[in-house]
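Chains, contacts and geometry: an overview
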Amino acid sequence: MRLLQLFWGFLLVAGVCSALVSTPSSSSSLGAEVRAEFPVLAQEIAPGKPLIYLDSGATSQKPQCVLDALHEYYVRDNANVHRGAHTLATRATEAFEEARGKVARFVGGEAREIVWTRGATEAVNLVAHGWGDAHLEEGDEIVLTVAEHHANLVPWQLLASRKRLRLKYARLDAAQGAIDADHLASLVTRRTRVVAMVHVSNVLGSEAPVAEAVRVARERGAPDCVVLLDACQSVPHKGVDVRDLGVDFLVASGHKMCGPTGIGFLWGKYDRLEAMQPWQGGGEMIDRVTLDGTTYAAPPARFEAGTPAIAQAVALGTACDFLSGVGMDRIAAYERRLARRLDAGLRAVPGVRVYGPSADDRDVALVAFNARNVHASDLAFFLDQEGVATRAGHHCCQPLHHALDADAGTVRASLALYNTPDEIDAFLAHLRGVLDFFADLPTPADPKPAFHAA
Ligand SMILES: Cc1ncc(COP(=O)(O)O)c(C=O)c1O
């Protein structure tokens, strides 16, 4: 039976994704090659308006093999994990734990170092509670950056108010469109117990100075200072290796890396996980329970109370197979080309202001921008009328938008491996069209009569 199951699993991943794994090593046509794997992309938003999906920073689209993995799990293996003695329970448990191993390998860790969470947000909250509440004391410091997503900011603010801690924020180097590494280093002292930062900013598209942060945390921080990396916007787009990065914790969301919603993970060095207290109590996270008290399971089970998102975890494992099959180096090289084309194209549109690094320094195809005289929400609305899906707002980064003097928000175009250069060109043409439309409207500064008096 096990052999049959392995055979089906092999057919599933190998069959649907085989064309991709065997593609030539060139990255020039990747988007065109993989598009057929993403059924949602083959639609028109209105007659004659094909979908141009530029909102992968919010959530990525899912390849057919991930959709099949979800379906197959429910039609063939569905059972609860770690508790049944029957065949389905064994199969479900094996698939669930196999997926943990796949995610671990995808980021260069070990299976026992992966804790399933609902997403990156829950993973940061887990560390803030499990590590922060257990180890930090009044007067301790946490160093963050002004570029943090609220998911890597508010949990630390909550911890700080629970424990009377001091939060410090590394500022932006405006010229570089990235975090100021020197300023970040200058904030770390012997009282610094946590340094937490976003790997690739979901607004600027720039990379944090991780190596520098890890070095100063080890040299100048408290002896047990931990470094947490929010890898939501890096893991789907380039190879990430937790050992090379040298961090203590890394968080990511499955739905941004071609996996389903409702699943994400915390990777932690095992000794760090062992030193964390449980956050949520319930079934599965215990060793022994009596009416007088409870002892807890070893990590990762200690942090996985209750029935987990089993199908989603299994499908996230398939998403890792899919991305690895395409090749993270190939994806990174392809998306770098998209990034530079997108950035340069936007900068060439009159009246457009681009935030973040220059085109030459862009590695991730995610660009936030504004246009003179047009509100970000209006732009996104009119782009949608042309079939272009972008995102407008503060992208859960209000402090960063304040630092950028863009409190009213920005429009963000964020791409993934399935986008093509042609889509970028079509988007830019639509953007020019929308801006031309607005330029013809009367403005308070340049009033054109809205009505002709009779
Ligand atoms: C950089 C970054 N961190 C954290 C998150 C939060 O992810 P989730 O809502 O999946 O928990 C996001 C999502 O947009 C993000 O872009």
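In this report, we go over the structure that sits alongside the text. (Residues numbered from 1 in each chain as written. Predicted model: local features only at pLDDT ≥ 70, side-chain atom pairs only at ≥ 80, totals over all residues. Heavy atoms only, no water.)

**Some words on the pattern of salt bridges**
- Inspection of the entire model under this criterion finds 34 salt bridges.
- Each of Glu 72, Arg 76, Asp 77 and Arg 91 takes part in salt bridges that share partners, so that together they form one network. (Salt bridge = Lys/Arg side-chain N within 4 Å of Asp/Glu carboxyl O.)

**Looking at the site of the ligand**
- Neighbouring the ligand are 13 residues, the closest being Thr 121, Asp 230, Gln 233, Ser 253 and Lys 256.
- Contacts to the ligand include Asp 230, whose side-chain N or O atom sits 2.5 Å from a nitrogen atom.
- In the environment of the ligand, an oxygen atom lies 2.6 Å from a nitrogen or oxygen atom belonging to the side chain of Lys 256.
- If the ligand stood free it would expose 390 Å²; the protein chains cover 87% of that surface.
- Residues belonging to the shell around the ligand are distributed by class as follows: four nonpolar, seven polar and two charged. (Near = heavy atom within 4 Å. Polar contact = N/O pair within 3.5 Å; in protein donor to acceptor, adjacent residues only side chain to side chain. Areas by Shrake-Rupley, 256 points an atom, 1.4 Å probe, with all protein chains shown as cover. Nonpolar A, V, L, I, M, F, W, Y, C, P; charged D, E, K, R; others polar.)

**Some points on the sheet that holds strand S5 (residues 141–145)**
- Strands sit in the order S4-S12-S11-S10-S9-S5-S6 across an open sheet of seven strands; the sheet is mixed. Two strands bound the open sheet, and with one partner strand each, they are strand S4 (114–117) and strand S6 (166–170). For this sheet, the mean angle separating the axes of adjacent strands, direction not counted, is 20°.
- Bridge count between strand S9 (residues 192–198) and strand S10 (residues 226–230): five bridges; the pairing is parallel. The residue of S10 that forms the bridge with Ala 196 is Leu 228.
- Across the face of the sheet, helix H5 (residues 120–135) comes into contact with S4, S9, S10, strand S11 (249–253) and strand S12 (264–268) while running at roughly 155° to S11.
- With respect to the sheet, helix H8 (residues 210–220) is in contact with S9 and S10, its orientation differing from that of S10 by roughly 160°. (Pairing = 2+ DSSP bridges. Helix = DSSP H or I, 4+ residues; strand = E, 2+ residues; numbered from the N terminus. Axes fitted to C-alpha atoms, helices over the stretch in contact; angles between N-to-C directions. Contact = heavy atoms within 4.5 Å.)

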